[in-house]
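Here is how the chains run, residue by residue.
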Amino acid sequence: SQIAVEKTYDTLAMINGDFKGKDIVSFDQFSADDVRRIFALAGHMKQLVLGKEPCQLLAGQLVSLLFFEPSSRTFGSFAAAVKRLGGQTLEIQNPETVSSVNKGETFEDTIRVFEAYSDAIVLRHPRPGAALRAAESAEFVPVLNAGDGNNEHPTQTVLDLYTLYERFGRLDNLTGVMAGDALNSRTIHSLMRGLSLFENNTVYLLSPEKLRLNREDLNMFRSRNITIHEITSERDIPRDCQYWYWTRIQKERFDSLTEYNEMVAQRFTVTPALLAEYASQEMILMDPLPRIGTIDTEVDKDHRAVYLRSQVRNGLYTRMALLALVLGRA
Ligand code: CP
């Protein structure tokens, strides 16, 4: 469970101002200053990309991208980030081609093998806690968690926080809605951790009853520096939110299609009418994507829709910054 993973996080090193060589497994490793450090560098990375400036910051570095679960954005942006900085990638996207899955090799052995070839490992895996296990297995290179089951997705949170910071110039005093599959959304689980590093943040969690955050996680978050209100209807969305963060129902986390379809029938979808009724003109609408029934395409042209604009682009800039820091090149 997520809590079982949480309890073992004490084996992880805090970033504490020094990213070099550190595993990035959980957002619990970050402080507010660590977040600001990435942001400062991400701004430079953005200029570099927009200016199409050649860069050799990661020249001589090879990063293994081991994706045991499908991905467009996280895989694509990590691959682009390494290449934009002059490094190289070793890319495994089909787990059937990996011996650990196909021939019965242990996960730990697989990690140690790819560690031998690379300077860092970026891992996505369907099992909660897999990133921590990989970090404990790799002796010499850092492991970056690109999403482990329904547990955490810390690098998504860096880009989500950066998107909020770009728009509002702060990460304090923000009120927002996080909607959808709170139980299974690793992006919500990490974003809650991220926002709790700052002051006076309030989150309205909108989800079907069966997809509420599990009670232990809710209590854990409530013990932190963040105010949480659980709601079950769009009618309870306050009109002064700075952001809406919509997430899909996570089909791959359900045991049966029947159970998934039951939840889909209860999902919430952002439409122009919903925005008109409950959203301010100043807010932004975010979605980690993919959107599966989360946001009507009619909303895309709205100036508040950032999910296919700055939010997705910020994934590249922030991952460039994070890689440069972890690999000791910044
Ligand atoms: N947001 C996100 O993790 O998307 P992918 O699954 O496409 O990487």
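Located above this text is the structure these notes cover.
Cut-off values and rules
- Numbering of residues begins from 1 in every chain and follows the order in which that chain's sequence is written.
- Local features in this predicted model are restricted to residues whose pLDDT is 70 or higher, and side-chain atom pairs enter the listing and the counts only when it is 80 or higher, whereas totals over whole chains, interfaces and linings include all residues.
- To get the side-chain values, all heavy atoms of the structure are used, and hydrogens and water are removed first.
- Fitting a line to C-alpha atoms yields each axis, with helices limited to the stretch in contact; the angle taken between N-to-C directions then spans 0 to 180 degrees.
- Numbering of helices and strands runs from the N terminus; a helix is a DSSP stretch of H or I covering at least four residues, while a strand is a stretch of E covering at least two.
- In this scheme, a crossing is called left-handed if the near helix is turned counterclockwise away from the far one by less than a right angle; it is called right-handed if the turn is clockwise.
- Residue contacts are counted whenever heavy atoms from the two residues lie within 4.5 Å of one another.
- Just so you know the grouping, Ala, Val, Leu, Ile, Met, Phe, Trp, Tyr, Cys and Pro go in nonpolar, Asp, Glu, Lys and Arg go in charged, and all remaining residues, Gly too, go in polar.
- Classification of ring pairs uses Phe, Tyr and Trp, with its six-membered ring standing for Trp, and accepts pairs whose centres are within 6.5 Å; under 30 degrees between planes counts as stacked, over 60 as edge-to-face, and the remaining range as tilted.
- A 1.4 Å probe rolled over the protein chains alone gives each residue an accessible area, and that area as a share of the maximum for its type sets the label: buried under 20%, exposed over 50%, partly exposed in between.
- Only Lys NZ and Arg CZ are tested; either one counts as a charge over a ring when it is within 6 Å of the ring centre and within 35 degrees of the ring normal.
- Residues adjacent in sequence count toward polar contacts only when both atoms are side-chain atoms; beyond that, a polar contact is any pair of N or O atoms within 3.5 Å, and within protein one must be able to donate a hydrogen and the other to accept it.
- Whether two strands pair comes down to DSSP finding at least two bridges between them.
- When the strands point away from the viewer and the path from the first strand over the helix to the second turns clockwise, the crossover is right-handed.
- Being near a molecule or strand, for a residue, comes down to having at least one heavy atom within 4 Å of it.
- Residue-level accessible areas treat just the shown protein chains as cover; the underlying method is Shrake-Rupley with a 1.4 Å probe.
- Annotation comment: domain bounds sourced from an automatic or database domain assignment.
- Whenever a carboxyl oxygen of Asp or Glu lies within 4 Å of a side-chain nitrogen of Lys or Arg, that contact is scored as a salt bridge.

Draft legend 1. Up close: the packing of helix α2 (residues 32-50) against helix α12 (residues 310-326). For the pair α2 and α12, the least separation of the axes is 8 Å and the interaxial angle reads 115°. Classified by chirality, the crossing of α12 by α2 is right-handed. Within the contact between the two elements, α2 uses Arg37, Ile38, Leu41, Ala42, Met45, Lys46, Leu48, Val49 and Leu50 and α12 uses Leu316, Tyr317, Thr318, Met320, Ala321, Leu322, Ala324 and Leu325. Residue composition of the contact of α2 with α12, grouped by class: 14 nonpolar, one polar and two charged.

Draft legend 2. Quick peek at the packing of aromatic side chains. On inspection of all chains with the given rule, the structure shows nine aromatic pairs. Between Phe27 and Phe30, the ring centres sit 4.2 Å apart and the planes meet at 10°, which makes this aromatic pair stacked. Judged by its relative accessible area of 1%, Phe27 falls in the buried class. Through a chain of ring-to-ring contacts, the aromatic side chains of Phe19, Phe27 and Phe30 assemble into a single cluster. The cationic tip of Arg127 hangs over the ring face of Phe107; the distance from NZ or CZ to the ring centre is 5.6 Å.

Draft legend 3. Molecular detail of the environment of Ser256. Checked against the element boundaries, Ser256 lands in the loop between β8 (243-246) and α10 (257-264). Under the relative-accessibility criterion, Ser256 is labelled partly exposed at 31%. Polar side-chain contacts of Ser256 include one of 3.0 Å to the backbone nitrogen of Glu259.

Draft legend 4. Spatial organisation of the pairing of strand β2 (residues 88-92). Across five bridges, strand β1 (residues 62-67) lies against β2 in parallel orientation. Bridged to Ser64 within β2 is Leu90. The parallel pair β1 and β2 is bridged by helix α3 (residues 73-84), and the resulting crossover is right-handed.

Draft legend 5. Structural detail: the site of the ligand. Taken together, the residues surrounding the ligand are Ser71, Ser72, Arg73, Thr74, Arg124, His153, Gln156, Pro288 and Leu289. The contact in question runs from an oxygen atom of the ligand to an N or O atom on the side chain of Arg124, over 2.8 Å. Within the backbone of Leu289, one N or O atom sits 3.2 Å away from a nitrogen atom of the ligand. Protein contacts shield 91% of the accessible area of the ligand, which totals 250 Å² for the unbound molecule. Taken together, the residues of the shell around the ligand break down into two nonpolar, five polar and two charged. Formed jointly, the shell around the ligand draws a minimum of three residues from each of two domains, domain 1 (2-153 + 315-326) and domain 2 (154-312).

Draft legend 6. Local environment of the environment of Arg84. Here Arg84 is to be found in helix α3. Judged by relative accessible area, which is 37%, Arg84 ranks as partly exposed. Taking the C-alpha atoms as reference points, Arg84 and Val141, separated by 57 residues in sequence, lie 21 Å from one another. If sequence neighbours within four positions are ignored, Arg84 has contacts with Leu48, Val49, Cys55, Leu316 and Met320.

Draft legend 7. Region of the structure containing the pattern of salt bridges. One pass over the full model with this rule turns up 20 salt bridges. The salt bridge involving Arg212 is made with Glu209; its shortest N-O contact spans 3.7 Å. A relative accessible area of 48% means that Glu209 is categorised as partly exposed. The network of salt bridges with shared partners includes Glu69, Arg186, Arg248, Glu252 and Arg253.

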